[in-house]
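In case you want the letters, here they are:
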Amino acid sequence: MEVAETNVDSDAFMFDRDAETMPRAALSELQSVRLRQTLEYAYANVAQHKNKFDAAGVKPADCKDLADIERFPFTEKGDLRENYPFGMFAVPRENVVRVHASSGTTGKPTVVGYTRRDLDTWADLMARSLACAGARPGDIIHNAYGYGLFTGGLGVHYGAERLGCTVVPMSGGGTERQVLLLKDFRANVICATPSYALNIAEVAAGMGVELRSDALRIGVFGAEPWSDAMRASLQQRLGIKAIDHYGLSEVQGPGVGGECDVAQAGLHGWEDHFLFEIIDPKTLRPLPAGDTGELVITTLTKQALPMIRYRTRDITRLDRSPCPCGRSHVRIMRVTGRDDDMLIIRGVNVYPSQLEAVLVGFPGLAPHYQIVLAREGALDAIKLEVELAPDAPADAEGRERKAQDVATHIKSLIGVTCEIAVKSPGEVPRSEGKAVRVRDLRKK
Ligand code: DLL
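Quick caveat: nothing in here was measured; it's all calculated off a predicted structure.

The rules behind each value
- Residues numbered from 1 in each chain as written.
- Predicted model: local features only at pLDDT ≥ 70, side-chain atom pairs only at ≥ 80, totals over all residues.
- Heavy atoms only, no water.
- Helix = DSSP H or I, 4+ residues; strand = E, 2+ residues; numbered from the N terminus.
- Rg over C-alpha atoms; globule rule 2.2 N^0.38 Å.
- Buried < 20%, exposed > 50% of the residue type's maximum accessible area, 1.4 Å probe, protein only.
- Contact = heavy atoms within 4.5 Å.
- Lys, Arg positive; Asp, Glu negative; His and termini not counted.
- Charge placed at Lys NZ, Arg CZ, Asp CG, Glu CD.
- Phe/Tyr/Trp six-rings, centres within 6.5 Å; stacked < 30°, edge-to-face > 60°.
- Lys NZ or Arg CZ within 6 Å of the ring centre and 35° of its normal.
- Pairing = 2+ DSSP bridges.
- Near = heavy atom within 4 Å.
- Polar contact = N/O pair within 3.5 Å; in protein donor to acceptor, adjacent residues only side chain to side chain.
- Areas by Shrake-Rupley, 256 points an atom, 1.4 Å probe, with all protein chains shown as cover.
- Domains from an automatic or database assignment.
- Buried area = accessible area lost by both parts, 1.4 Å probe.
- Salt bridge = Lys/Arg side-chain N within 4 Å of Asp/Glu carboxyl O.
- Axes fitted to C-alpha atoms, helices over the stretch in contact; angles between N-to-C directions.
- Parallel < 35°, antiparallel > 145°, perpendicular 65-115°, else oblique.
- Left-handed = near helix turned anticlockwise from the far one by under 90°.
- Nonpolar A, V, L, I, M, F, W, Y, C, P; charged D, E, K, R; others polar.

(A) Quick look at the overall build of the protein chain. Along the protein chain, the regular secondary structure elements total 13 helices and 21 strands. In terms of overall size, the protein chain behaves like a compact globule, its C-alpha atoms giving a radius of gyration of 22 Å where 444 residues would be expected to give roughly 22 Å. Per-residue burial over the protein chain gives 53% buried out of 444 residues. Residue pairs in contact within the protein chain that sit at least 24 positions apart in sequence constitute 65% of those at least 6 positions apart. Of the charged side chains in the protein chain, 54 are positive and 59 negative, and the gap between their average positions amounts to 3 Å.

Written out as structure tokens, the structure reads:
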């Protein structure tokens, strides 16, 4: 009986109504109270925050309303590195019941920690995000985010359990097995990076397995930038609604913001637990409402690792217009990339996801690509490796034509001139987690 009851597709599971539809004024009031508490808590318990507040000449009591946040100093990845591994925890290490870490391409990893209450909040927010994406209690959730130090696997896992779903804890890799279990278990929801989901779809096609079914409805994709072209491709190949999902380990992991299945247009950032700002990454000043810039996040309820004005480096804008789903929380628009991922190709600023928007769905090309940076003499050279679709003409003439065609489109749509290398099917590396979009061969 119980199962039947929790399976009912009722509104009760779609919203944590009180929290998700809270009127704006009440939400701002809640944020003000929690912000003030967080500033006081961080100042009293984390030496790094205290020292930075003191150096900037501000005290927690100077925060009278939300706009005063701009008087407080930023926190950056470097602060975590300097205090490696546990130096920014606001609670005794014994009260930290879990750590995660990001590998970090250079230097030491960044380590993050959670108290029991932090894990509880995380599971709640992840469950909220999954429900917002259209998942329901009783659904089978195939979780192909990596388990381990990466926050994706365990973060999604506990949220799915909290929602009352059946979790299949796959992690990344073993792609043929992923295909078999997706099919045999009749998963309703697939969670993965978009690039890995594409890999799974392609391997399924190669195995002759049809993943589109009346069971599989939703993909919850995030942890890397992706384009609307990629969304269209995933929706078509898997027969699902592809929903964007955002988070980062320094402020929690997944569950910071999630798209709704109603609008599929921007990620509802959970403002009862986070304060979102957009700054100009050069002047570090807040930008006018709606402008595009760097997302900065302050945690409002974290115990183990409160974060004050964390500079995410993610480039986006905030949309406060009402969403047709009825949720009152701000929408973080699609993150196009990180300011440190921006390429400067012959003087033009380009994010890999802009190139992706041209390449995915391009006639005769498979949706895989890599950008190779090399040094030619004193100049940086950029080569774009694209891959032929299995049925496209693969002779020298066909490749040359395709290269010219791609170069022309990129020039006219993005305004940059790129050298194009046309690879054979399967030659561009596939992802099992976060895709490596840029291969940097330049000598340091
Ligand atoms: O990637 C957490 C996560 C797991 C998010 C599963 C979504 C799903 P980190 O490894 O710390 O945490 O990487 C965070 O990934 O600052 C962005 O640059 C990027 N990112 C995450 N989600 C998106 C997204 C997890 N939906 C960094 N779109 C962030 C674009 C994203 N970029």
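(B) Summary view of the packing of aromatic side chains. Applying the stated criterion across every chain yields a total of six aromatic pairs. Seen in terms of ring centroids, Y114 and W122 are 4.7 Å apart; in terms of plane orientation they differ by 10 degrees. Their pairing is stacked. Comparing Y114 with W122 shows no difference in burial state: the two are buried. The ring of W270 carries R128 above its face, with NZ or CZ at 5.0 Å from the centroid. Positioned above the aromatic ring of W226, the side-chain terminus of R334 is 4.7 Å from the ring centre.

(C) Spotlight on the environment of A421. Note that A421 resides in strand β20 (residues 419-423). Along the backbone, A421 and V386 are 35 residues apart, and their C-alpha atoms lie at a distance of 6.2 Å. Not counting the four nearest positions on each side in its chain, A421 is found in contact with K383, L384, E385 and V386.

(D) View of the sheet that holds strand β10 (residues 274-279). Taken in spatial order, the four strands make up an open sheet running β10-β11-β12-β15, and their pairing is antiparallel. Looking at the sheet topology across the chains shown, the edges are occupied by β10 and β15 (337-338). In this structure, strand β12 (residues 310-316) lies alongside β15, joined through two bridges in antiparallel fashion. Among the inter-strand pairings, I315 is bridged to a residue of β15, identified as G337.

(E) Broad picture of the site of the ligand. Near the ligand, the surroundings consist of 20 residues, among which D244, H245, S249, D314 and K434 are the closest. Contact distances for the ligand include 3.3 Å between a nitrogen atom and a backbone N or O atom of E224. One nitrogen or oxygen atom from the side chain of D314 is found 2.6 Å from an oxygen atom belonging to the ligand. Computed on the free molecule, the ligand has an accessible area of 610 Å², of which 93% lies beneath the protein chains in the complex. A total of five residues in the shell around the ligand trace back to one element, the largest contributor, which is strand β7 (residues 241-248).

(F) Spotlight on the pairing of β10. Counted residue by residue, β10 has six buried out of six residues, so it is predominantly covered. Across the two faces of β10 the burial is the same, with F274, F276 and I278 and L275, E277 and I279 all buried. In this sheet, strand β11 (residues 293-299) lies alongside β10 in antiparallel orientation, the contact comprising six bridges. By the bridge assignment, I279 is partnered in β11 with E294.

(G) Main features of the domain arrangement of the protein chain. Structurally, the protein chain comprises domain 1 (1-339) and domain 2 (343-440). One C-alpha centre belongs to domain 1, the other to domain 2, and the line joining them spans 30 Å. On the domain 2 side, the residues contacting the 25 residues of domain 1 number 14 residues. Each partner contributes to the roughly 1500 Å² buried at the junction of domain 1 and domain 2, and carbon and sulfur atoms together form 53% of this total. The interface formed by domain 1 and domain 2 holds one salt bridge in total. We note a salt bridge from E202 to R430, for which the minimum N-O separation is 2.8 Å. At the boundary of domain 1 with domain 2, the tally comes to ten residue pairs in polar contact (both at pLDDT 80 or more).

(H) Representation of the packing of helix α12 (residues 352-359) against helix α13 (residues 396-414). Axis separation between α12 and α13 bottoms out at 10 Å; the angle between their running directions is 125 degrees. The orientation of α12 with respect to α13, classified from their angle, is oblique. Handedness of the crossing formed by α12 with α13: right-handed. When α12 is examined against α13, the residues Q354, L355, V358 and L359 are found in contact with a partner set consisting of V406, H409, I410, L413 and I414. Considered class by class, the residues forming the contact of α12 with α13 number seven nonpolar, two polar and no charged.

(I) Region of interest: the side chain of R437. Along the polypeptide, R437 turns up in the loop between β20 and β21 (438-440). With sequence-adjacent residues up to four places away left out, R437 is seen in contact with S195, M230, P352, E356, Y369, Q370 and I371.

(J) Region of the structure containing the sheet that holds strand β13 (residues 318-319). Pairing in this open sheet of nine strands is mixed, and the strands run β4-β3-β5-β6-β7-β8-β9-β14-β13 from one edge to the other. Unpaired on one side and paired on the other, β4 (166-169) and β13 mark the two borders of the sheet. Across the sheet, helix α10 (residues 194-207) lies against β5 (189-192) and β6 (218-222), angled at about 125 degrees from β5, the strand it touches most.

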